[in-house]
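Residue-level structure breakdown
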Amino acid sequence: NLSVGWDRESFGDVGGPHPGIAAVYAAIAYARCHGALVIAAAGNQGYTCGDGPVAPAAWELLSQPDTGVCTALGAPAFPQEPGYYAPLVYSVGGLSHELDVMPRSRINGMPRLAAMSTNVVTKGAMATLTGTSAASAAASGAAGLLWSYNPSLTPAQVMGLLYQNATTTTLGDADYTHD
């Protein structure tokens, strides 16, 4: 679960000059090469009023690493999963209790998957949190529970089951997806 991100307009993206961003990409790709499931928060509207998802959630637009990328990272290549949606990361957006877009959502920042993110109870019911970090944690927890029941599933199969069994909202199509 990556409940962290940065505004790509301000701090850069994959292929940019910042070595820290390249290191985050390499770490995520390395984990995916080893069969990890990576879920990232799409981001909230911040002070910069940026458009689209924050990184690394925006990397849902990228494919899972292929054999060449995994080899370059010194990792085994996780088998490609034809017929399954298999991006580098799976991004999660936020919903209100009415299943509307979460207040303070980023413009053009709603991915295929969203979870409750408004006034989520934390810390023994003493505080609440609103944001896509809470949505990402909920989706990660659901994926982990599902995987614990069937550890032979691949990351794309786990996410496929979450997508297939999710509640459909009236929000329309996602703002971004891989293929």
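Residues numbered from 1 in each chain as written. Predicted model: local features only at pLDDT ≥ 70, side-chain atom pairs only at ≥ 80, totals over all residues. Heavy atoms only, no water.

**Some remarks on the nonpolar core**
Ranked by internal contacts, the top residues of the largest apolar core, which has 17 residues, are Leu37, Ile39, Tyr90, Val92 and Met159. Broken down by secondary-structure element, the contributors of at least two residues to this core are strand S2 (90–95), strand S3 (113–116), helix H4 (132–149) and helix H5 (155–164). Looking at which element gives the most residues to this core, the answer is H5, with five residues. In contact with Leu37, other than residues within four places in its own chain, are Tyr90, Ala143, Trp147, Pro155, Val158 and Met159. Counting nine residues, the second-largest nonpolar core is a separate cluster that includes Ile28, Ala29, Val38 and Val89. (Core = buried A, V, L, I, M, F, W, Y, C linked by side-chain atoms within 4.5 Å. Buried < 20%, exposed > 50% of the residue type's maximum accessible area, 1.4 Å probe, protein only. Helix = DSSP H or I, 4+ residues; strand = E, 2+ residues; numbered from the N terminus. Contact = heavy atoms within 4.5 Å.)

**A look at the packing of aromatic side chains**
Given two aromatic rings, one states the distance between the centres and the angle between the planes to describe the pair. Under the defined criterion, the tally for this structure stands at four aromatic pairs. Aromatic pair Tyr25 and Trp59: ring centres 5.8 Å apart, planes at 75 degrees, arrangement edge-to-face. Placement of the pair is Tyr25 in helix H2 (residues 19–33) and Trp59 in the loop between strand S1 (39–41) and helix H3 (67–72), with a sequence separation of 34 residues. Summarising the aromatic geometry, the rings of Tyr85 and Tyr163 are spaced 6.2 Å apart at their centres and angled 80 degrees between planes, so their arrangement reads as edge-to-face. Taken as a pair, Tyr85 in the loop between H3 and S2 and Tyr163 in helix H5 lie far apart in primary sequence, 78 residues in all. (Phe/Tyr/Trp six-rings, centres within 6.5 Å; stacked < 30°, edge-to-face > 60°.)

**What to know about the packing of H4 against H5**
Two numbers describe how H4 lies on H5: the axes approach to 10 Å, and their chain directions differ by 115 degrees. Judged by the inter-axis angle, H4 sits roughly perpendicular to H5. Crossing of H4 over H5 shows right-handed handedness. When H4 is examined against H5, the residues Ala139, Ala142, Ala143, Leu146 and Trp147 are found in contact with a partner set consisting of Pro155, Val158, Leu161 and Leu162. (Axes fitted to C-alpha atoms, helices over the stretch in contact; angles between N-to-C directions. Parallel < 35°, antiparallel > 145°, perpendicular 65-115°, else oblique. Left-handed = near helix turned anticlockwise from the far one by under 90°.)

**Comments concerning the environment of Thr169**
By the element assignment, Thr169 lies in the segment after H5. Between the C-alpha atoms of Thr169 and Val4, which are 165 residues apart in sequence, the distance is 25 Å. Those residues in contact with Thr169 that lie beyond four places of it in its chain are Leu95 and Leu99.

**Topic: the environment of Leu153**
For Leu153, the location among the structural elements is in the loop between H4 and H5. We classify Leu153 as buried; its relative accessible area is 16%. Distance from Leu153 to Asn44, taken between C-alpha atoms, is 31 Å for residues 109 residues apart in sequence. For Leu153, the residues in contact, after removing those within four places along its chain, are Leu146, Trp147, Val158 and Leu161.

Any functional reading would require information that these geometric values do not contain.
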